[in-house]
Amino acid sequence: MKLQDVPKDDANVMEGKTSFIQYAVDTNGDYVQEKSPGFEPQNIALEQAWDDVNKNTLRALKEVEDGNKSPLYYFMHREIMELKILSEYMNMSRWKVKRHMKPSNFKRLEKNTLEQYANVLRIEDINDLANFDANKWRLKK
Amino acid sequence: MEIKEIEFEHRMSAHCENGVTDNLMRFYGLELSEPMVFGIGSGLFFTFLPFIKLNGAPVTSFRPMPGQIFKRVNKTLGIEMKTQKFPSNPKKAMSELDASLKKGIPVGMVVGVYHLTYFPAPLRFHFNAHNIVAFQKKDNNYLVSDPIMENPEWISASDLERVRYAQGTYKPKGKMYFVTHTPKDVDLAKAIKKSIKHTAMMMTKAPGPFIGISGIILLSKSIRKWPKRHDKKKASRYLGSVIRMQEEIGTGGAGFRFLYAAFLQEASKVLSAPILEEISERVTHVGDLWREFAVDSARVVKNRPLNGESYNSVADKLLVIAELEKSIFTDLFKMKL
C-alpha cells in the first residue's frame, strides 16, 4: 500500500478518540506508520455486525412485551450476550439463568439476585428491571 | 494509597500485543520498532476453522493464539517476565497490581474490550485478548497505556477489575505480567532468521487443511459454498466476519501483510540481505490484493456488485493470493540467511 492510498474513510468508528495505525510505503519505498480514521469495507462489516445486534435486541424487546420472556431477555441481548456468557458473569448455572428468562420465574426473584443482574447488565436503576417499561427502551440501542 | 509516578512512554501501534511488548521493552531500554516486534514474534499467521463458530460465524484468524507473539519475542530475545493469573480472586489480582506499581514496575494486563470504558463504542464487542499496561494509580483510578489509544487513559479500579475478569472466550482471569530481566544486548540477527523460518514453516508446512496457505484455500472453497448452503443473510454475515478479522483494529491493514512487509524491509537492513527487500515488495503486493479482496467482499455483503463481484469472484481472488503467498513463504523457508 502506498502512503497516499492509506484509506481515509471516516465513519466515526473511533469517535474522534483515536485512529487506526496503518503501515504504508512512502515515495522512497520505505515503510512508515500512518494514521487512518477507517476503511470503507471495515466500516461496512462493522455496520452489518451492529445491525444484527440492534435487530436481535428489538426482537427480544417484542418477546418481553408479548409476555413470552422476562425483561432479562431484552437486557441480555442489549449487552450482546447469550445464556452462556451471562451465566458466566452471574456465576450461576446456565440452566438457572435460562429459568429466569421465564416471566413467572423472574417475578419470584429476590432483590439481591435482581441487583446482581442489574450490575452485570449495566442497568443503573433496578426499577428498570423490576418494573420493566418497554416504551422506555424502544428507541434506544 | 500513594504511588510514585512511573515515567512511561506511551506509543500507539497497530496491534495491541506488539504495542504492549514494545512499550514495556522500551521502558527497560530495549528499543525496537513495532514491525520488528511483530516479525520476531512470528505474528503473521492464517487459520480458518469452518466448524468452530465465534459470534455466529466460522472462525477466521490472521493472528496466532493470543499471547504467542509476546511469548516468542521474550523467548528469542532472552527477556524474562513474570506472569500471574488469579482465576477466582479479583481482590488479589488488584492488590498484586498495586504492589508492583508501588515498586515502580509497569504492569501488563490482558483485558476484555466490551466493558473498557474509554474504548470507542463501535469497537466494543466481547473480545477478551486485548493488552494494556498500567503505570500509575491515583485516587482509585489507574492510568493505562493502551496501544490503540492516542494517549494514556484513566480507568476506575472497579471498571478495571471488570475488564480483567471478562467472561466468554479466552477469559483473562486477572492475568498480569511484568518484566523481571532484560538482557544488555540482544542478537537481533539470530532472532530475525529464526522467526522468518518459523513463520514460513507455519504458512507452508503446517499439517492439515486449516492453517497457513491451506487455510486460505479452504476459506476460498467455503466461500463458494456459503450462498448455496445458507440464506442470503447468513452468507453475507459470514463474509462480513472475514473482512472484520482482516481489517479490524490491530492488523495494520490487510491482515498484517503490510506490517510483515515492513518487518522484512527492516530485517533486510539488519542482515544486509537485499533479497529480503525484494520479498518485502512481494508481500506488499499481496497485501494490496488482500485489500482488494476486502473491497470486493464488502460489495458482496452490501449486495451492491459494481463489477460483477460475487462469492465466486472473491473466492477466485483468494486463490490468487494463496498462490502468491505460497511462493513467497516457500522462498523464505528455503532461503539461506
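Throughout what follows, the structure given in this document is the object of discussion. (Residues numbered from 1 in each chain as written. Chains lettered and ligands numbered in written order. Predicted model: local features only at pLDDT ≥ 70, side-chain atom pairs only at ≥ 80, totals over all residues. Heavy atoms only, no water.)

### Let's talk about the overall build of chain A
What chain A contains, in helices and strands, is eight helices and two strands. The C-alpha atoms of chain A give 21 Å as radius of gyration, which overshoots the globular expectation for 141 residues (14 Å, by more than 25%). Referenced to the eigenvectors of the C-alpha coordinate spread, the extents of chain A come out at roughly 70 × 30 × 25 Å. Counting over 141 residues, chain A shows a buried share of 49%. Across chain A, the fraction of contacts at a sequence separation of at least 24, relative to all contacts at a separation of at least 6, is 49%. Positive and negative side-chain charges in chain A, numbering 23 and 23 respectively, have mean positions lying 10 Å apart. (Helix = DSSP H or I, 4+ residues; strand = E, 2+ residues; numbered from the N terminus. Rg over C-alpha atoms; globule rule 2.2 N^0.38 Å. Buried < 20%, exposed > 50% of the residue type's maximum accessible area, 1.4 Å probe, protein only. Contact = heavy atoms within 4.5 Å. Lys, Arg positive; Asp, Glu negative; His and termini not counted. Charge placed at Lys NZ, Arg CZ, Asp CG, Glu CD.)

### Considering the packing of aromatic side chains
According to the stated counting rule, one finds 22 aromatic pairs over all chains in the structure shown. Their ring planes at 55 degrees and their centres at 5.8 Å tell us that Tyr74 of chain A and Phe132 of chain A sit as a pair that is tilted. Here Tyr74 of chain A is found in helix 2 (residues 71-78), whereas its partner Phe132 of chain A is found in the loop between helix 7 (127-130) and helix 8 (134-137), with 58 residues between them in sequence. As far as the burial class goes, Tyr74 of chain A and Phe132 of chain A line up, both buried. In this arrangement the basic side chain of Arg244 of chain B is found over the ring face of Phe125 of chain B, its NZ or CZ atom lying 4.6 Å from the centre. (Phe/Tyr/Trp six-rings, centres within 6.5 Å; stacked < 30°, edge-to-face > 60°. Lys NZ or Arg CZ within 6 Å of the ring centre and 35° of its normal.)

### Thoughts on empty space enclosed by the protein
With the rule as written, the count across this model stands at three cavities of 30 Å³ or more. Tyr89 of chain A together with Gly112, Val113, Tyr114, His115, His126, Phe127, Asn128, Arg162, Val163, Ala166 and Gln167 of chain B are the residues that line the second largest cavity. Counted by class, the lining of the second largest cavity contains six nonpolar, five polar and one charged residues. (1 Å grid on protein atoms, 1.4 Å probe; cavity = no way out; pocket = protein on both sides within 12 Å on 5 of 7 lines; lining within 4 Å. Points joined across faces, edges and corners; volume = space filled by probe spheres on them. Nonpolar A, V, L, I, M, F, W, Y, C, P; charged D, E, K, R; others polar.)

### Notes on helix 1 (residues 16-27) of chain B
All names here are of chain B. Along its twelve residues, helix 1 runs 16 Å from first to last C-alpha, staying within 8% of the 16 Å computed at 1.5 Å per residue. Buried residues of helix 1: Cys16, Glu17, Asn18, Gly19, Val20, Thr21, Asp22, Asn23, Leu24, Met25 and Arg26, and no others. Within two residues after helix 1, Gly29 carries a phi angle of roughly 85 degrees, on the positive side. (Expected span 1.5 Å × (residues − 1).)

### Here's the deal with the sheet that holds strand 5 (residues 130-138) of chain B
Residue and element names in this part refer to chain B. Strand order in this open sheet of six strands is 3-8-4-5-6-7, and the pairing throughout is antiparallel. Each edge of the open sheet is held by one strand with a lone partner, namely strand 3 (80-84) and strand 7 (153-156). Sheet twist, expressed as the average angle between the axes of neighbouring strands with direction ignored, equals 40 degrees. Across five bridges, the pairing between strand 4 (residues 107-111) and strand 5 is antiparallel. From the neighbouring strand, Gly108 faces strand 5, where its bridge partner is Val133. Against the sheet, helix 1 engages strand 3, strand 5, strand 6 (141-145) and strand 8 (176-181), with an angle of about 45 degrees to strand 5. (Pairing = 2+ DSSP bridges. Axes fitted to C-alpha atoms, helices over the stretch in contact; angles between N-to-C directions.)

### A short note on the pairing of strand 6 of chain B
All names here are of chain B. Burial within strand 6 is extensive, with four of its five residues counted as buried. Across five bridges, strand 5 lies against strand 6 in antiparallel orientation. Across the sheet, residue Ala134 finds its bridge partner in strand 6, namely Val144. Judged from the four bridges that link them, strand 6 and strand 7 form a sheet pairing that is antiparallel. Bridge pairing links Leu143 to Trp154 in strand 7.

### Side note on the pairing of strand 1 (residues 47-54) of chain B
Residue and element names in this part refer to chain B. Bridge count for strand 1 against strand 2 (residues 57-61) is five bridges, and the pairing is antiparallel. Its bridge partner lying in strand 2, Leu54 is registered against Ala57. From the end of strand 1 to the start of strand 2, which pair antiparallel, there are two residues, and Asn55 there has a positive phi angle of about 50 degrees.

### Description of the packing of helix 9 (residues 257-270) of chain B against helix 10 (residues 274-301) of chain B
Residues and elements named next belong to chain B. Running from N to C, helix 9 and helix 10 point in directions that differ by 170 degrees, and their axes come no closer than 8 Å. What the angle tells us is that helix 9 and helix 10 run roughly antiparallel. Touching Arg257, Phe258, Ala261, Leu264, Gln265, Ala267 and Ser268 of helix 9 are Leu276, Glu277, Ile279, Ser280, Val283, Thr284, Val286, Gly287, Asp288, Trp290 and Arg291, all from helix 10. (Parallel < 35°, antiparallel > 145°, perpendicular 65-115°, else oblique.)

### Considering the pattern of salt bridges
Taken as a whole and judged by the stated rule, the model has 29 salt bridges over all chains. Salt-bridge contacts for Glu65 of chain A lead to Arg138 of chain A; the nearest nitrogen and oxygen are separated by 3.0 Å. Remark: Arg138 of chain A occurs in the segment after helix 8 and Glu65 of chain A occurs in helix 1 (residues 40-65); sequence separation between them is 73 residues. For Arg122 of chain A, the salt bridge is made with Glu79 of chain A, and the minimal N-O distance between the two is 2.8 Å. Of the two residues, Arg122 of chain A is situated in the loop between helix 6 (111-120) and helix 7 and Glu79 of chain A in the loop between helix 2 and helix 3 (83-90); the sequence distance between them amounts to 43 residues. Residue classification places Arg122 of chain A among the partly exposed residues on the basis of a relative accessible area of 36%. The exposure class assigned to Glu79 of chain A is buried, which follows from its relative accessible area of 2%. Several salt bridges share partner residues, and in doing so they unite Glu9, Arg11, Asp22, Arg26 and Glu31 of chain B into one network. (Salt bridge = Lys/Arg side-chain N within 4 Å of Asp/Glu carboxyl O.)

### Section: the side chain of Gln22 of chain A
Its place among the elements puts Gln22 of chain A in strand 1 (residues 20-25). Given a relative accessible area of 5%, Gln22 of chain A falls into the buried group. Within polar-contact distance, the side chain of Gln22 of chain A engages the side chain of Arg291 of chain B at 3.1 Å. (Polar contact = N/O pair within 3.5 Å; in protein donor to acceptor, adjacent residues only side chain to side chain.)

### Things to note about the interface of chain B and chain A
Between chain B and chain A, the residue contacts involve 52 residues of the former and 41 residues of the latter. Taking both sides of the interface into account, the surface hidden between chain B and chain A amounts to around 3900 Å²; carbon and sulfur atoms contribute 57%. Counting every contact that joins chain B to chain A gives five salt bridges. Here Asp30 of chain A ties to Lys269 of chain B by a salt bridge, and the two come within 3.8 Å at their closest N and O atoms. Linking chain B with chain A are 23 residue pairs in polar contact (both at pLDDT 80 or more). Secondary-structure elements contributing two or more residues to the side of chain B that touches chain A are helix 2 (34-40), helix 8 (232-247), helix 9 and helix 10 of chain B. Considering each element in turn, the side of chain B that touches chain A owes the most residues, nine residues, to helix 10 of chain B. Its residues assigned to classes, the side of chain B that touches chain A shows 25 nonpolar, twelve polar and 15 charged. (Buried area = accessible area lost by both parts, 1.4 Å probe.)

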